[in-house]
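Given next are the chains, with one letter for each unit.
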Amino acid sequence: MRSSITGPHIIISKMKDLCQRLKLFGVKIGDARKHPLISPVDIFKSLFLIPILRLKSLNQLDNYLRLPEARRFIGSKREMVVSDSTVQRSLKGFSLDSVRKILKAIAVFSKARGYHKVTLSSGRKLVAGIIDGSMIGKRLCSVFYEIGKVNLAVDVERIEKRGKELTASWKLMERNLSDVDMVLVDGLYYVKERINWIRSQGKHILIKTTEKGLMIIQDAEELFQHYKEFKDEVEYYEGNQVREDGKKFSYKLWAVGELRTDGVDYPLKAAKVETVNLISKEKETYYLITTWAELTGLEMKQAGQLRWRVENNAFKKGNEQFALKHAFINDEHGWEAMTLILFVGFNLFEILKTQFIEEGIIQAMRRVTYKWISQLIQRAMTIVYGADPMLCLDSS
């Protein structure tokens with residue numbers, strides 16, 4: 001089905017409504033500059049356009065901000081809203097707490113709209129958090145995502161050097177665990193003390209690993225190999241599935257609960273998944289470990305596959321769309337501020353995309369691309385703000 005648009009004014013109206021609901025243009029943000037001619041709020045409003053409009057450098061942003069539609073969108077009377085050099089000076093002292101509060105506000109808005117939960121095939125709904133290592137602005141970092149109908153990047157922590165990913169990730173988890181039901185991680189996070197801590201907070205963890213040497217996996221394998229003899233204890237499933245990327249697989253799955261291991265104060269459940277790509281015939285075997293005993297084996301598999309969204313969603317494709325790996329700024333504090341503001345823009349884009357499809361502003365094709373919607377927004381801004389200087393967002 002071809003996508004269609006009912007009018008650029010509706011696109012801009014939805015952007016205006018979202019920004020006003022989140023109070024993005026009346027937000028209080030500071031930086032370390034004394035008596036600045038250009039407010040940090042105008043700089044913030046300018047920077048979150050980078051992922052929305054697929055701009056790939058501060059120089060491209062500089063050029064865009066000279067256009068009348070950019071000035072009117074932001075509410076600036078200056079001939080150029082802000083130069084790239086001023087942006088860099090501002091970011092070096094930008095308020096990180098203010099931007100994190102904005103990211104929290106976006107997550108709260110997403111929750112209010114019912115966008116924050118994943119619905120498994122069984123009907124079970126959950127709020128899933130994912131921690132993933134990334135390269136942003138030529139720096140290693142850990143990113144915390146909330147995965148639901150809309151996927152949000154909500155926080156970042158710099159990895160000081162290779163091999164220190166866990167240190168950064170635990171800081172992220174301590175700041176964000178309360179917002180999710182379960183955190184989905186890879187085998188690196190099989191740390192018994194941390195599993196105990198997560199459960200003590202009333203939350204759950206699901207670990208995906210290929211490590212066969214773990215004692216709990218060895219204990220589970222004993223039962224999996226003789227699953228026909230332990231039908232009351234071992235769940236077994238087999239079938240075919242089509243993943244979100246359209247690839248077709250066959251699978252076999254075994255799962256067993258009430259497993260105990262030294263150092264973990266809570267019972268665990270383990271699953272083994274074997275898949276075969278029906279086209280390439282490529283095989284994969286991996287294991288899942290969780291503290292959430294009520295999950296079935298199929299629910300564990302489906303939850304584990306949510307990590308694929310992080311690997312393949314628009315934010316991970318950010319290097320293609322808005323040069324995510326590009327070093328917008330070299331200053332350490334400025335890098336963190338810039339990364340968080342990029343998250344704001346990315347999250348706004350994801351919510352707008354969902355609203356456009358839900359409300360029939362665009363007709364959903366099999367795959368509505370990041371590039372296509374970004375161009376749609378940019379054309380709408382040109383038509384609306386470039387044509388009528390009275391049509392601008394209220395920046396009061």
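Everything here concerns the structure above.
Bear in mind that the values here come from a model prediction, so they are computed numbers and not experimental data. (Residues numbered from 1 in each chain as written. Predicted model: local features only at pLDDT ≥ 70, side-chain atom pairs only at ≥ 80, totals over all residues. Heavy atoms only, no water.)

Some points on unusual backbone geometry
In step 1: Of note in this structure, Lys-23 is not a glycine but carries a positive phi near 55 degrees.
In step 2: As for its position among the elements, Lys-23 is in the loop between helix H1 (8–21) and helix H2 (40–47).
In step 3: Residue class for Lys-23 comes out exposed when judged on its relative accessible area of 62%.
In step 4: Positioned with a positive phi, His-35 is a non-glycine residue whose angle comes to about 55 degrees.
In step 5: As for its placement among the helices and strands, His-35 is situated in the loop between H1 and H2. (Helix = DSSP H or I, 4+ residues; strand = E, 2+ residues; numbered from the N terminus. Buried < 20%, exposed > 50% of the residue type's maximum accessible area, 1.4 Å probe, protein only.)

A word on the packing of aromatic side chains
Centre-to-centre distance and the angle between the planes together describe a pair of aromatic rings.
In step 1: Following the criterion strictly, the structure yields seven aromatic pairs and no others.
In step 2: Centroid distance Phe-44 to Phe-48: 5.3 Å. Interplanar angle 70 degrees. Geometry classified as edge-to-face. One exposure class covers both Phe-44 and Phe-48, and it is buried.
In step 3: Summarising the aromatic geometry, the rings of Phe-349 and Tyr-370 are spaced 4.2 Å apart at their centres and angled 15 degrees between planes, so their arrangement reads as stacked. Taken together, the residues span a long stretch of sequence, with Phe-349 in helix H14 (residues 332–358) and Tyr-370 in helix H15 (residues 370–387) at a distance of 21 residues. Of the two residues examined, Phe-349 and Tyr-370, each falls in the buried class. (Phe/Tyr/Trp six-rings, centres within 6.5 Å; stacked < 30°, edge-to-face > 60°.)

Structural notes on empty space enclosed by the protein
In step 1: This model, assessed by the stated rule, comprises one cavity of 30 Å³ or more.
In step 2: When its volume is computed, the largest cavity comes out at roughly 50 Å³.
In step 3: Every residue along the wall of the largest cavity is listed here: Ile-136, Gly-137, Leu-324, His-326, Ala-327, Phe-328, Ile-329, Trp-335, Met-338, Thr-339 and Leu-342.
In step 4: Examining the composition of the lining of the largest cavity, we find that four residues originate from one element, H14, more than from any other.
In step 5: Residue composition of the lining of the largest cavity, by class: eight nonpolar, three polar and no charged. (1 Å grid on protein atoms, 1.4 Å probe; cavity = no way out; pocket = protein on both sides within 12 Å on 5 of 7 lines; lining within 4 Å. Points joined across faces, edges and corners; volume = space filled by probe spheres on them. Nonpolar A, V, L, I, M, F, W, Y, C, P; charged D, E, K, R; others polar.)

Some points on the layout of surface pockets
One way to see where empty space is left: roll a probe the size of a water molecule over the atoms.
In step 1: Space inside the second largest pocket adds up to approximately 460 Å³.
In step 2: Along the walls of the second largest pocket sit 19 residues, with Arg-243, Gly-304, Gln-305, Leu-306 and Trp-308 positioned nearest its centre.
In step 3: Elements with a contribution of two residues or more to the lining of the second largest pocket: strand S1 (118–119), strand S8 (234–242), strand S11 (283–290), helix H11 (297–304) and helix H12 (307–312).

Regarding the pattern of salt bridges
In step 1: Overall, the coordinates contain 21 salt bridges when judged by the stated rule.
In step 2: In this structure, the salt-bridge partner of Asp-17 is Arg-21, at a minimum N-O distance of 2.9 Å. With Asp-17 and Arg-21 both in helix H1, this residue pair falls four residues apart, about one helical turn.
In step 3: On the accessibility criterion, Asp-17 (27% relative accessible area) is partly exposed.
In step 4: Where Glu-157 meets Arg-175, a salt bridge forms, and the shortest distance between an N and an O atom there is 3.0 Å. Separated by 18 residues along the polypeptide, Glu-157 in strand S5 (residues 152–158) and Arg-175 in helix H8 (residues 165–176) bring together distant segments of the chain.
In step 5: The class of Glu-157 is buried, set by a relative accessible area of 16%. (Salt bridge = Lys/Arg side-chain N within 4 Å of Asp/Glu carboxyl O.)

Regarding the packing of H8 against helix H9 (residues 192–200)
Each pair of packed helices gets described by two things: the angle between the helix axes and the distance between those axes.
In step 1: Their axes nearest at 12 Å, the elements H8 and H9 cross at an angle of 10 degrees. It follows from the interaxial angle that H8 and H9 lie roughly parallel. Across from Trp-170, Met-173 and Glu-174 in H8, the residues of H9 making contact are Arg-194, Trp-197 and Ile-198. (Axes fitted to C-alpha atoms, helices over the stretch in contact; angles between N-to-C directions. Parallel < 35°, antiparallel > 145°, perpendicular 65-115°, else oblique. Contact = heavy atoms within 4.5 Å.)

Concerning the side chain of Arg-307
In step 1: Its location among the elements puts Arg-307 in helix H12.
In step 2: The class of Arg-307 is buried, set by a relative accessible area of 12%.
In step 3: Polar contacts involving the side chain of Arg-307 include one to the main-chain carbonyl oxygen of Leu-184, which spans 3.1 Å.
In step 4: Once you skip the residues sitting within four places of it in the chain, Arg-307 turns out to touch Ile-130, Ile-131, Asp-132, Leu-184, Val-185 and Asp-186. (Polar contact = N/O pair within 3.5 Å; in protein donor to acceptor, adjacent residues only side chain to side chain.)

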